[in-house]
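Chain by chain, the residues:
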Amino acid sequence: MNLVLKEFNGICIRRWKESDAFDYAELVNDPDVMRYIGNGKTRDATTAASEISKFQNEIDGQGWSRFAVSMGAEGPLLGYTGFARKDYGIDFGMRFLRSYWGHPSTYISSCLALEYGFTEVGFPSICAITRNNHFRCVSYLKKLFSIEPADGEIDSTAYKMFHITHEHYINT
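For the structure given in this document, a descriptive report is provided here. Treat the numbers as computed from the prediction; the structure is a model and nothing was measured.

A separate point is the packing of helix α4 (residues 104-121) against helix α5 (residues 135-145). The contact between α4 and α5 brings their axes to 11 Å, and the two run at 50°. As judged from the angle between their axes, α4 and α5 are oblique. The interaxial crossing formed by α4 with α5 has right-handed handedness. Where α4 abuts α5, its residues T106, Y107, S110, C111 and L114 lie against Y140, K143, L144 and F145. Considered class by class, the residues forming the contact of α4 with α5 number six nonpolar, two polar and one charged.

As structure tokens, then:
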């Protein structure tokens, strides 16, 4: 079983490794990273390890989930990008260690994940949501998806929802 699922210019989306646990725990324990995620609360190392296990089990079972991102197969974890099944469809998500915010690796890995989702998995469409007040993420997703979002609400929180079809993806 290959560790790396897709790679471009040394940026990899890959399966999770035991050595990712420390960096992932740091990521989900950072208040700046978690500010716009769910209830905005940080997570501890035990929760982080549980999430990694869930992600890897999903990759093993269905071929997709949230993928680890690294520079090279054996490089340190930069964050994750990938998919989760939600009530509204296949959700695209990404989280990166703060030290990689604005680094080209975040955009490259997101493109790799979208390509994997559409070409390897065969998703007919992919969605992404972010809070209206998460301006950097709204701007990022507009560029990544090449579309304007729709307004929505989940649990009384205003969101921007991006929805991209396979056809739109291959034509942009």
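As a further point, take unusual backbone geometry. Of note, N9 is a non-glycine position whose phi angle comes to about 50°, a positive value. Residue position: N9 is located in the loop between β1 (4-8) and β2 (11-14). The class for N9 is exposed, based on a relative accessible area of 64%. With a phi angle near 55°, S146 is a residue other than glycine that sits in the positive phi range. Among the secondary structure elements, S146 is positioned in the loop between α5 and β7 (150-154). The exposure class of S146 is partly exposed, given its relative accessible area of 41%.

Moving on to the pattern of salt bridges. Overall, the coordinates contain twelve salt bridges when judged by the stated rule. Residue K17 pairs with E74 through a salt bridge whose shortest N-O separation is 3.5 Å. A residue pair is termed long-range when its members are at least 10 positions apart, and K17 in the loop between β2 and α1 (21-28) and E74 in the loop between β3 (66-71) and β4 (77-86) qualify at 57 residues. Taking relative accessible area as the criterion, E74 reaches 64% and is therefore assigned exposed. For R66, the salt bridge goes to D91, with nearest N and O atoms at 2.9 Å. Note that R66 is positioned in strand β3 and D91 in strand β5 (residues 89-96), a separation of 25 residues in sequence. Note on R66: relative accessible area 9%, which makes it buried. Among the ionic contacts, a cluster of salt bridges with common partners joins K6, E115 and E120.

Inspection of the secondary structure puts R131 in strand β6 (residues 125-131). With near-sequence residues (within four places) excluded, R131 lies in contact with R35, Y36, G38, N39, G40, V138, T157, A158 and Y159.

Another aspect to go through is the state of the cysteines. Applying the stated criterion across every chain, the model contains zero disulfides. There is no disulfide at C137, and the cysteine sulfur nearest it, in C111, is 14 Å away.

What counts, and at which threshold
- Residues numbered from 1 in each chain as written.
- Predicted model: local features only at pLDDT ≥ 70, side-chain atom pairs only at ≥ 80, totals over all residues.
- Heavy atoms only, no water.
- Axes fitted to C-alpha atoms, helices over the stretch in contact; angles between N-to-C directions.
- Helix = DSSP H or I, 4+ residues; strand = E, 2+ residues; numbered from the N terminus.
- Parallel < 35°, antiparallel > 145°, perpendicular 65-115°, else oblique.
- Left-handed = near helix turned anticlockwise from the far one by under 90°.
- Contact = heavy atoms within 4.5 Å.
- Nonpolar A, V, L, I, M, F, W, Y, C, P; charged D, E, K, R; others polar.
- Buried < 20%, exposed > 50% of the residue type's maximum accessible area, 1.4 Å probe, protein only.
- Salt bridge = Lys/Arg side-chain N within 4 Å of Asp/Glu carboxyl O.
- Disulfide = S-S within 2.5 Å.

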